[in-house]
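# Structural overview
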Amino acid sequence: MSLKALDYESLNENVKNCQYAVRGELYLRASELQKEGKKIIFTNVGNPHALGQKPLTFPRQVVALCQAPFLLDNPNVGMIFPADAIARAKHYLSLTSGGLGAYSDSRGLPGVRKEVAEFIKRRDGYPSDPELIFLTDGASKGVMQILNCIIRDQKDGILVPVPQYPLYSATISLLGGTLVPYYLEETDNWGLDVNNLRQSVAQARSQGITVRAMVIINTGNPTGQCLSEANLREILRFCCDERLVLLGDEVYQQNIYQDERPFISSKKVLMDMGVPFSKEVQLISFHTVSKGYWGECGQRGGYFEMTNIPPRTVEEIYKVASIALSPNVSAQIFMGLMVSPPKPGDISYDQFVRESKGILESLRRRARIMTDGFNSCKNVVCNFTDGAMYSFPQIKLPPKAIQAAKQAGKVPDVFYCLKLLEATGISTVPGSGFGQKEGVFHLRTTILPAEEEMPEIMESFKKFNDEFMSQYGDNFGYSRM
């Protein structure tokens, strides 16, 4: 009997080959346990509001008024909403062609794109063109759009950091391209060595692969490192020499937990370098409302900015964006509010600063609690989370545990993470889902659980890990502390 189009055996092989560990086996098992009544702490995905972070008041007030514009006609509206929120809601509604229920331009509302351009100019000190900014349904959709334009067939390679966020490996696989890994150095705080880049490109070319683009994640996911200005200069020179487009994933630029390495954008460093680099290197930069102190993951708001991209290519990208008609309009307003928050003197300014500062300061403390907690455990070593929302500890698995995993038909760190989930309810992501060096094992967890719950969570982890290492260890291993 012949196969039907959507029988599993006849599906597009690229669909079957792509993997997304963040919502993979561990997440599915955690969901099953939750249905059975077990308390689950979902630290597998950077989803701040799901773990108790409260939304910022001002943007929710503005979007609430935009969603229900009849409230603006109520004579008592000023008793419920502050005057600056009312004014901003009227401003954003005036930018639409019929409120939030109407499609926008496929690139996003021109007025919001102008606000994004002004934000980039304030941040970097260089002009930004709203016509080269596209608003998207989260940064992920932007990444997928751009990779779709770059990848032509399996001979096209994309340089991706390892460990990496599996959006990249999954999308490259789905589009039929080839991921070309370059390894970050864990012993150097997940630093990047340009010599490793050159080796990765040379090896790929020897296999007939045309390397066309390079991805950087700054600050790092899952590794949490912040790239230095010197490192970014090296990367941009490398991209110029190799004629690669640089994809700058900068969605965690607000999430910085140390003072030695502040976030600096790829665009600013590129412009600072001057010609020929500032005129030659093709750069796409991505940002989102899902991270930072906003954490509005479910709103799905993002943007990308194009630098040194030819006009005809921009037209083609616009054409592809037009297929989906319009990005989410309420998310576009969230983006406008993120890049243009309340200013000093505004009624809502003090509350906005108090809320956003409180979130970032708590995240900094949680990053320290989690790093110290992991480093107090036997056979666990963890670099400090400089930025982003994750810890990525290395778990030194004993040979007996690796053998037990093999007998169970599991990758060793999947085996460990499943045992952790069953024992504690802590849902993490195994390092194998992000890529790692052979014979080295990690897990990724967010630093997002409530601060007051963090000591108990780390104690629960430590108790599990001690018992696991006792069961499989035979006095094997080490501890940093």
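Look up: the structure comes first, before these words.
A few points on the structure.

The rules we used
Counting restarts for each chain: residues are numbered from 1 in the order of the written sequence. Thresholds applied to this predicted model are a pLDDT of at least 70 for local features of residues and 80 or more for the giving and counting of side-chain atom pairs; totals over whole chains, interfaces and linings are not thresholded and use all residues. Heavy atoms from the whole structure form the basis of all side-chain values; hydrogens and water molecules are not counted. A helix here means a DSSP run of H or I that spans at least four residues, while a strand means a run of E at least two residues long, and both kinds are numbered starting from the N terminus. In this treatment the radius of gyration is a C-alpha quantity, and the globule benchmark scales as 2.2 Å times the residue count to the 0.38 power. Only protein chains enter the accessibility calculation, which uses a 1.4 Å probe. A residue is then buried if its area is under 20% of the maximum for its type, exposed if over 50%, and partly exposed in between. By definition in these notes, contact holds between two residues if any of their heavy atoms fall within 4.5 Å. For the area figures, the Shrake-Rupley method with a 1.4 Å probe applies, and any residue is considered shielded solely by the protein chains shown. N or O atoms within 3.5 Å of each other form a polar contact, as long as, within protein, one can give a hydrogen and the other can take it, and as long as residues adjacent in sequence are counted only when both atoms are side-chain atoms. Orientation is described by axes fitted as lines to C-alpha atoms, over the contacting stretch for helices, and by angles from 0 to 180 degrees between their N-to-C directions. The scheme is simple: roughly parallel for angles under 35 degrees, roughly antiparallel for over 145, roughly perpendicular for 65 to 115, oblique for anything else. Think of it as three bins: nonpolar holds Ala, Val, Leu, Ile, Met, Phe, Trp, Tyr, Cys and Pro, charged holds Asp, Glu, Lys and Arg, and polar takes everything else, Gly as well. Two strands qualify as a pair provided that DSSP identifies no fewer than 2 bridges between them. With the strands aimed away from the viewer, a crossover counts as right-handed if its path from the first strand over the helix to the second runs clockwise.

### Topic: the overall build of the protein
Along its length, the protein carries 18 helices and 14 strands. Against the globule reference of 23 Å for 481 residues, the protein gives a C-alpha radius of gyration of 23 Å, in line with a compact fold. Projected onto its principal axes, the C-alpha positions of the protein cover 70 × 60 × 55 Å. Expressed as a percentage of the 481 residues in the protein, the buried residues total 56%. Sequence-distant contacts, at least 24 apart, represent 73% of the contacts inside the protein between residues at least 6 apart. As presented, the protein carries roughly 21,200 Å² of accessible surface, and 52% of it is formed by carbon and sulfur atoms.

### Considerations on the side chain of Asn465
Along the chain, Asn465 turns up in helix H18 (residues 454–472). Polar contacts involving the side chain of Asn465 include one to the side chain of Tyr416, which spans 2.7 Å. What Asn465 contacts, discounting residues up to four positions off in sequence, is Cys377, Lys378, Val380 and Tyr416.

### A word on the packing of helix H5 (residues 83–95) against helix H6 (residues 110–124)
Geometry of a packed helix pair, given as the angle between the helix axes and the separation of the axes. The N-to-C vectors of H5 and H6 enclose an angle of 120°; their axes lie 8 Å apart at closest approach. Relative to H6, the element H5 is oriented oblique. Facing H5, whose interface residues are His91, Tyr92 and Leu95, H6 presents Gly111, Val112 and Glu115. Taken together, the residues that form the contact of H5 with H6 break down as 3 nonpolar, 2 polar and 1 charged.

### Regarding the sheet that holds strand E13 (residues 429–430)
Taken in spatial order, the 3 strands line up as E10-E14-E13 in an open sheet, and their pairing is antiparallel. A strand with exactly one partner marks an edge of an open sheet, and here the two such strands are strand E10 (390–391) and E13. Examined bridge by bridge, E13 and strand E14 (residues 443–446) share 2 bridges and lie antiparallel to one another. Directly across from Pro430, in E14, lies its bridge partner Leu443.

### Digging into the pairing of strand E3 (residues 156–162)
Most of E3 is tucked away: 7 of the 7 residues are buried. On E3, burial covers both faces: Asp156, Ile158, Val160 and Val162 on one face and Gly157, Leu159 and Pro161 on the other are all buried. Where E3 and strand E5 (residues 210–217) come together, 4 bridges link them in parallel fashion. Note on E5: the bridge partner recorded for Gly157 is Val211. In this sheet, strand E4 (residues 178–183) lies alongside E3 in parallel orientation, the contact comprising 6 bridges. Bridging across to E4, Pro161 finds its partner in Tyr182. Viewed along the sheet, the connection from E3 through helix H8 (residues 166–174) into E4 turns out right-handed.

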